[in-house]
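As a plain string of letters, each chain reads:
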Amino acid sequence: QQQVKQSPQSLIVQKGGISIINCAYENTAFDYFPWYQQFPGKGPALLIAIRPDVSEKKEGRFTISFNKSAKQFSLHIMDSQPGDSATYFCAARIKGFQKLVFGTGTRLLVSP
Amino acid sequence: GAGVSQSPRYKVAKRGQDVALRCDPISGHVSLFWYQQALGQGPEFLTYFQNEAQLDKSGLPSDRFFAERPEGSVSTLKIQRTQQEDSAVYLCASSLGLANEQFFGPGTRLTVL
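The paragraphs below set out a description of the structure included in this document. (Residues numbered from 1 in each chain as written. Chains lettered and ligands numbered in written order. Predicted model: local features only at pLDDT ≥ 70, side-chain atom pairs only at ≥ 80, totals over all residues. Heavy atoms only, no water.)

Attention now moves to the layout of surface pockets. Taken as a whole, the largest pocket encloses approximately 730 Å³ of empty space. If you trace the largest pocket, you find 31 residues lining it, with Gln38 and Arg107 of chain A together with Gln37, Leu39 and Gly40 of chain B closest to the centre. Only strand S9 (86-94) and strand S11 (106-111) of chain A together with strand S9 (88-95) and strand S11 (108-112) of chain B provide two or more residues apiece to the lining of the largest pocket. Tallied by class, residues from the lining of the largest pocket come to 12 nonpolar, 15 polar and 4 charged. Computed from the structure, the second largest pocket encloses a volume of approximately 380 Å³. If you go around the second largest pocket, you meet 18 residues; those closest to its centre are Val101 and Phe102 of chain A together with Pro43, Glu44 and Phe45 of chain B. Those elements that place two or more of their residues in the lining of the second largest pocket are strand S10 (100-102) of chain A together with strand S5 (44-50) of chain B. By residue class, the composition of the lining of the second largest pocket is 8 nonpolar, 8 polar and 2 charged. (1 Å grid on protein atoms, 1.4 Å probe; cavity = no way out; pocket = protein on both sides within 12 Å on 5 of 7 lines; lining within 4 Å. Points joined across faces, edges and corners; volume = space filled by probe spheres on them. Helix = DSSP H or I, 4+ residues; strand = E, 2+ residues; numbered from the N terminus. Nonpolar A, V, L, I, M, F, W, Y, C, P; charged D, E, K, R; others polar.)

See the structure below:
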């Protein structure tokens, strides 16, 4: 019940295209949903985050879409660039708790 | 320093050895977290400190794992009698406080032979 399911496992997108990564959850006690970007040999870095009272949040080329009724949220990367090639993790946090529950990750490759 | 630092960056241990992994959080950050990241997987929560108090250790996989933060700053994760299944990257994160963004360090890659 505390899992966050992420898909796809890997993704190849052409430069300039849109990358879409999806996550789903069961636990309705989750109240914070961040997305992290991780490069090889580095720790995860926060990209963008959303709370369930908002259906969409945009920061630059990155957008989170949130569907509370379906218990799903997704990351859209517009105008994908080779520098975006990394592993992306969705995560969720239970209200009142501090730990993050992570998805299994999506390895994104943006071809030049 | 500007970010969370961890040492050593790489550690190779023989099965049965004890290891100690260090985390230096961002100065002033009250909260400190340890996560374990197996190869090709997402990070999994191990334990959480607020200042020197360990408030949640529900993710520690066995009693061979022990974490401390005695002065509310630097933290050490100790693994006793290491096993091959302990091989993973151990990530430390810190945050200003409750409900704030967690900043991750680069991790320590532990390989148990």
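For the rest of this paragraph, the subject is a nonpolar patch on the surface. A cluster of nonpolar side chains, Ile18, Ile20 and Met78 of chain A, forms an exposed patch at the surface whose accessible area comes to about 240 Å². In this structure, Ile20 of chain A sits in strand S3 (residues 19-25). (Patch = residues over 30% accessible without salt bridge, like charges linked within 9 Å, V, L, I, M, F, W, Y side chains within 5 Å. Areas by Shrake-Rupley, 256 points an atom, 1.4 Å probe, with all protein chains shown as cover. Salt bridge = Lys/Arg side-chain N within 4 Å of Asp/Glu carboxyl O.)

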